[in-house]
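Observations on chain architecture
One letter stands for each residue in the lines below.
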Amino acid sequence: MENLDHILVFKTNISCEDEKQLLHTIFDEHDHVESWSIDMEDSDCVLRVITYTLSHDEIINLINQHGYECCELI
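Residues numbered from 1 in each chain as written. Predicted model: local features only at pLDDT ≥ 70, side-chain atom pairs only at ≥ 80, totals over all residues. Heavy atoms only, no water.

Examining the sheet that holds strand β4 (residues 70-72)
The strands making up a sheet associate through hydrogen bonds between their backbones, and the pairing can be parallel or antiparallel. The sheet built from four strands is open, its strands ordered β2-β3-β1-β4 with antiparallel pairing. This sheet does not close on itself; its edge strands, each paired only once, are β2 (35-39) and β4. Geometrically, the sheet is characterised by an average inter-axis angle of 25° between neighbouring strands, direction not taken into account. Two elements, strand β1 (residues 7-12) and strand β3 (residues 46-50), share four bridges in a ladder whose sense is antiparallel. Bridged to Phe10 within β3 is Leu47. Relative to β2, helix α1 (residues 17-27) is tilted by about 170°, and along the sheet it contacts β2 and β3. (Pairing = 2+ DSSP bridges. Helix = DSSP H or I, 4+ residues; strand = E, 2+ residues; numbered from the N terminus. Axes fitted to C-alpha atoms, helices over the stretch in contact; angles between N-to-C directions. Contact = heavy atoms within 4.5 Å.)

A closer look at the nonpolar core
Inside soluble globular proteins, nonpolar side chains tend to come together where they are buried. Core analysis: the biggest nonpolar cluster contains 18 residues, and Phe27, Leu47, Ile59 and Ile63 have the highest contact counts within it. Among the elements of the structure, β1, α1, β2, β3 and α2 (56-64) are those that each provide at least two residues to this core. Leave out the neighbours within four places in its chain, and Ile63 touches Ile14, Leu23, Ile26, Phe27, Leu47, Tyr68, Glu69 and Cys70. (Core = buried A, V, L, I, M, F, W, Y, C linked by side-chain atoms within 4.5 Å. Buried < 20%, exposed > 50% of the residue type's maximum accessible area, 1.4 Å probe, protein only.)

In structure tokens, the structure reads:
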């Protein structure tokens, strides 16, 4: 069975294309983010981040410091 610990999943309040641009700014050039996606059609605006080194708390802090809500989905 594959280890999926490197896929981090979050609930956010990022729900439109303008807000999604923030994620491009944060993640596209981040050395420790392999890839990311957000499902803005989901009621939880689910953010998925693939990283082998960042923690849930570090991703949450990155999003929160830009004024958006983010919490780990378990």
